[in-house]
Each structure stands twice: as C-alpha cells, then as structure tokens.
Amino acid sequence: MIITTTPSVEGKNIVEYRGIVFGEVISGVNVVRDFAAGISNFFGGRSGAYEEELMNARNQALYEMEQRAMNMGANAVVGVDIDYEVLGSDNGMLMVTASGTAVVVQ
C-alpha cells in the first residue's frame, strides 16, 4: 500500500476514489513515564519515554488507516494528514489521528 502526504502518486494515475479513511489511537501515559519525563525536564534533554509513546501511537494510527483503506479496495492513500491532541482532565491521554483519501492507482 502506498501512503503519501501528496495529493497524487508520482508515475501513477488515480483511477478511482474510494473515500476518506481514518485511523485513530488514544493512548494513556502512565505514572512511570510521567516520572521519567519529569526527570528529563528537570535535568534537560529529551524524554525517550514520551517520544516512544508518540511514535507507537502514530504507527498504530497509520496502520489502522491502511487497513481501512484495504477493506475499501484501495491500493493507496493520498493526502495523508496526522493530527496530535492531548486529552483528559490531567492531559494524561494522547490522541493521534491519521486521515487521507483511499484511492486505486495504476
């Protein structure tokens, strides 16, 4: 499956539009990661725990979007956009949404 942020696929023609597809993931950040991130913030540097959680959530959202596109009979997704939001009363939840247009290319 071709997944791209561009509105077309270089060297291929879009022959059919199957519709808009989404992949959504909401992930909680646990106390251990909060503690590790707090230490990183105090001493400076990057928070590997949060970065790993962000990468995992993004990959899961893209995978879910790809699966939904395949179920629609598409072989590519164009115009992909990824959005990030922090949710919850204590901002303890991370939401990642991937969206794009499922298409058939030749």
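Considerations on the nonpolar core
Part 1 of the reasoning: Within the largest apolar cluster, 13 residues are counted, with the highest numbers of intra-cluster contacts made by V21, M65, A69 and V77.
Part 2 of the reasoning: Secondary-structure elements contributing two or more residues to this core are strand 2 (14-28), helix 2 (48-71), strand 3 (76-87) and strand 4 (93-105).
Part 3 of the reasoning: With residues up to four places along the chain from it excluded, the contact list for V77 reads M1, I2, I3, T4, V21, M65, A69, G100, T101 and A102.
Part 4 of the reasoning: Membership of the second largest hydrophobic core comes to five residues, among which are V9, V78, V103 and V105.

A look at the pattern of salt bridges
Part 1 of the reasoning: Summed over the entire model, instances satisfying the criterion amount to three salt bridges.
Part 2 of the reasoning: Residues R68 and E24 are paired through a salt bridge, measuring 3.0 Å at the closest nitrogen-oxygen approach. Residue R68 is located in helix 2, and its partner E24 is located in strand 2; the two are separated by 44 residues in the primary sequence.
Part 3 of the reasoning: Residues participating in the shared-partner salt-bridge network are E24, E64 and R68.

The rules behind these values
- Throughout this document, residue positions are counted from 1 along each chain, in the order its sequence is written.
- Only residues with pLDDT of at least 70 are given local features in this predicted model, and only at 80 or more are side-chain atom pairs given and counted; all residues enter the totals for whole chains, interfaces and linings.
- With hydrogens and water stripped out, all remaining heavy atoms of the structure feed into the side-chain values.
- The nonpolar core is taken to be a set of buried Ala, Val, Leu, Ile, Met, Phe, Trp, Tyr and Cys residues, with the residues joined through side-chain atoms within 4.5 Å.
- When a residue's accessible area, from a 1.4 Å probe over protein chains only, is under 20% of the maximum for its type it is buried; when over 50% it is exposed; and in between it is partly exposed.
- Here a helix means four or more residues in a row that DSSP labels H or I, a strand means two or more in a row labelled E, and each is numbered from the N terminus.
- Throughout, a contact is declared for two residues whenever any of their heavy atoms are within 4.5 Å.
- We define a salt bridge as a side-chain nitrogen of Lys or Arg found within 4 Å of a carboxyl oxygen belonging to Asp or Glu.

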